[in-house]
Amino acid sequence: MSRMPLSRLKVTATIGLCVGLGGMHAARAQYVGQVSTIVLDARTGAVLSQQDPDLRRYPASLTKLMTLYLTFKAVRTGQVTLDQEMPVSVHAASMEPSKLGLRPGSTLTVEQAVLALVTKSANDAACALGEFLGGGDETRFAAMMTREAGRLGMYDTVFRNASGLPNPEQMTSARDLAVLARHLIVDYGEYYHYFAVPGFYFHGHEVPNHDPMLGAYPGADGLKTGYTGEAGHNLVTSAVRDNVRLIGVVMGAKSNSRRNATMTALLDSSFQAEGVAPVAHPAMRPLLLARAGGGAVVARHGSTHNVRLASARLNPVQPDEVAEAPAIPAGYARIRRGHGTVAHIHPAPVRAHVHLVGMGHVAHATHTHAKARS
């Protein structure tokens, strides 16, 4: 075996060290003031628009998209069921907001955790779900998340927790998140409707959906918001018009309003590029959330369709109620008897336990004041 000259070896080692340190710096850099965006055609995966999509960024609560992907995978394979009760550890209960306020020693179902992630972006529920799927260890689950990211081709992504709370080693890119969103829709379409729920009731309290695009952008039906001070304002959105589904990602915006405006402009231009005629954005008006015990709650976002949202779990002595959602597209017809399934659109009415009903192109209740980390 030939031996490398000492001088060359030193140069090689120095270069390697510099590359390693540079890579570490780049991996932790957040490119303050520099927004990363990408828009994909969900059917073909073709990139329709992009701006610095491969910069490594902190995902914040967009991390929960992978937590949900692995949850849906576990449900599909029979590893867990949606009705299965999960324990809440001291560690999970100690997570910073946004959170449900779970208490150590309590339980919640897998489906309740899914709903908590897609609506309130609850960090305590995400941690409990990660520990449950990771055999009692969130760190082990984060390693599972990273391996799954590699399998999906998300080569700029590393996970260290299930929630997206700040960790300097937890990184991704706009392109990787678009890939993940597409796999959520394509691989586990039977669970995609969860992203569009307007909210759900947990222990008698309404938990509205944070996603500002639902009900505000024509055709938007998921997926997720995310924010930390280090990450900036992030958003992944999917919208469908005229059988064309787009996936958009915006990362590192300076404010929610800029993030939302950027996403709206990107989707509008990409739909036009796909030959889809522009449509007027709906005016916002109050939406009534019907409760099983009578009365109603006025939601904080508007509606473009006449949809009644119902809960049958506020009062256990009340009979189950069935909500009607005639405007929901048939592609999302899914219902499961048991706890908390959110939509059904077959012509024949079906009675089932529900939290809130409504998905697809319907209005959604949202917070007016989101938590610092959502």
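Colleague: Lay out the pattern of salt bridges with the relevant residues and their values.
Modeller: Within the structure shown, the criterion is met by seven salt bridges. For Arg175, the salt bridge identified is with Asp54, shortest N-O distance 2.6 Å. Residue Arg175 is found in helix α7 (residues 174-187), and its partner Asp54 is found in the loop between β2 (47-51) and α2 (64-76); the two are separated by 121 residues along the sequence. On the basis of relative accessibility, which here comes to 38%, the residue Asp54 falls in the partly exposed class. Salt-bridge contacts for Arg241 lead to Asp268; the nearest nitrogen and oxygen are separated by 3.7 Å.

Colleague: A description of the pairing of strand β1 (residues 36-41) should follow, citing residues and the corresponding values.
Modeller: Burial analysis of β1 places six of its six residues in the buried class, the great majority of the element. Residues Ser36, Ile38 and Leu40 of β1 are buried on one face, and the alternating residues Thr37, Val39 and Asp41, pointing to the opposite face, are buried as well. Here β1 pairs with strand β9 (residues 244-253) via six bridges, running antiparallel. Within β9, the residue paired with Val39 across the bridge is Gly248.

Colleague: Account for unusual backbone geometry, naming residues and giving values.
Modeller: Here the residue pair Pro97 and Ser98 is connected by a cis peptide bond, since its omega of 10° sits within 30 degrees of zero. Within the secondary structure, Ser98 sits in the loop between α3 (90-93) and β4 (107-109). One non-glycine residue, His203, adopts positive backbone phi at about 55°. Tracing the backbone shows His203 in the loop between β5 (199-202) and β6 (205-208). With relative accessibility at 62%, the residue His203 sits in the exposed group.

Colleague: Explain the sheet that holds strand β8 (residues 232-241) to me, using residue names and the numbers behind them.
Modeller: Reading across from one edge, β2-β1-β9-β8-β7 is the order of the five strands in this open sheet, with antiparallel pairing throughout. Both edges of this open sheet fall to β2 and β7 (220-228), since each of them pairs with a single strand only. With strand direction ignored, the average angle separating the axes of adjacent strands in the sheet is 5°. Two strands pair when backbone bridges link them, and β1 and β2 are joined in this way by four bridges, in the antiparallel orientation. Looking at β2, one finds that Val39 is bridged to Ser49. Across the sheet, helix α8 (residues 256-273) lies against β1, β2, β7, β8 and β9, angled at about 30° from β8, the strand it touches most.

Colleague: Can you break down the confidence of the model for the protein residue by residue, with the values?
Modeller: This prediction gives the protein a mean pLDDT of 76; 67% of its residues lie at or above 70. Below a pLDDT of 50 lies the segment residues 1-27, which in the model reaches six contacts outside its immediate sequence neighbourhood of four places, other chains included. pLDDT under 50 marks residues 284-372. Its contacts with residues more than four places away, or in other chains, come to 209 contacts.

Colleague: Describe the environment of Asp187, and please don't skip the residues or the numbers.
Modeller: Among the secondary structure elements, Asp187 is positioned in helix α7. Beyond its immediate stretch of four places on either side in the chain, Asp187 contacts Tyr69, Arg76 and Leu152.

Colleague: Tell me what's going on with the packing of α2 against helix α6 (residues 138-152), and back it up with residues and numbers.
Modeller: Following both chains from N to C, one finds α2 and α6 inclined at 90°, their axes separated by 10 Å at the closest point. In terms of axis orientation, α2 runs roughly perpendicular to α6. For the pair α2 and α6, the contacting residues are Met66, Thr67, Tyr69, Leu70 and Lys73 in the first and Phe141, Met144, Met145, Glu148, Ala149, Arg151 and Leu152 in the second. Class assignment for the residues of the contact of α2 with α6 results in eight nonpolar, one polar and three charged.

Colleague: Could you give an account of the packing of aromatic side chains, with specific residues and numbers?
Modeller: Scanning the model with the defined rule gives six aromatic pairs in all. Measuring from ring centre to ring centre gives 5.0 Å for Tyr69 and Tyr188, while their planes differ by 75°; the resulting arrangement is edge-to-face. Taken as a pair, Tyr69 in helix α2 and Tyr188 in the loop between α7 and β5 lie far apart in primary sequence, 119 residues in all. This pair shows no difference in class: Tyr69 is buried, exactly as Tyr188 is. Of the aromatic side chains, those joined through ring pairs into one cluster are Phe72, Tyr191, Tyr192, Tyr194 and Phe195.

Colleague: Go over the nonpolar core, please, and point to the residues and values.
Modeller: Ranked by size, the top nonpolar core spans 65 residues in total, and within it Met66 and Leu108 carry the most contacts. A total of eight residues in this core trace back to one element, the largest contributor, which is α2. Apart from the residues lying within four places of it in its own chain, the contact partners of Leu108 are Gln84, Glu85, Met86, Val88, Leu100, Leu102, Ala113, Ala125, Ala128 and Phe202. In terms of nonpolar packing, the next biggest core, distinct from the first, is built from 15 residues, Met213, Ala253, Leu267 and Phe271 among them.

How each quantity is defined
- Residues numbered from 1 in each chain as written.
- Predicted model: local features only at pLDDT ≥ 70, side-chain atom pairs only at ≥ 80, totals over all residues.
- Heavy atoms only, no water.
- Salt bridge = Lys/Arg side-chain N within 4 Å of Asp/Glu carboxyl O.
- Helix = DSSP H or I, 4+ residues; strand = E, 2+ residues; numbered from the N terminus.
- Buried < 20%, exposed > 50% of the residue type's maximum accessible area, 1.4 Å probe, protein only.
- Pairing = 2+ DSSP bridges.
- Axes fitted to C-alpha atoms, helices over the stretch in contact; angles between N-to-C directions.
- Contact = heavy atoms within 4.5 Å.
- pLDDT = per-residue confidence, 0-100.
- Parallel < 35°, antiparallel > 145°, perpendicular 65-115°, else oblique.
- Nonpolar A, V, L, I, M, F, W, Y, C, P; charged D, E, K, R; others polar.
- Phe/Tyr/Trp six-rings, centres within 6.5 Å; stacked < 30°, edge-to-face > 60°.
- Core = buried A, V, L, I, M, F, W, Y, C linked by side-chain atoms within 4.5 Å.

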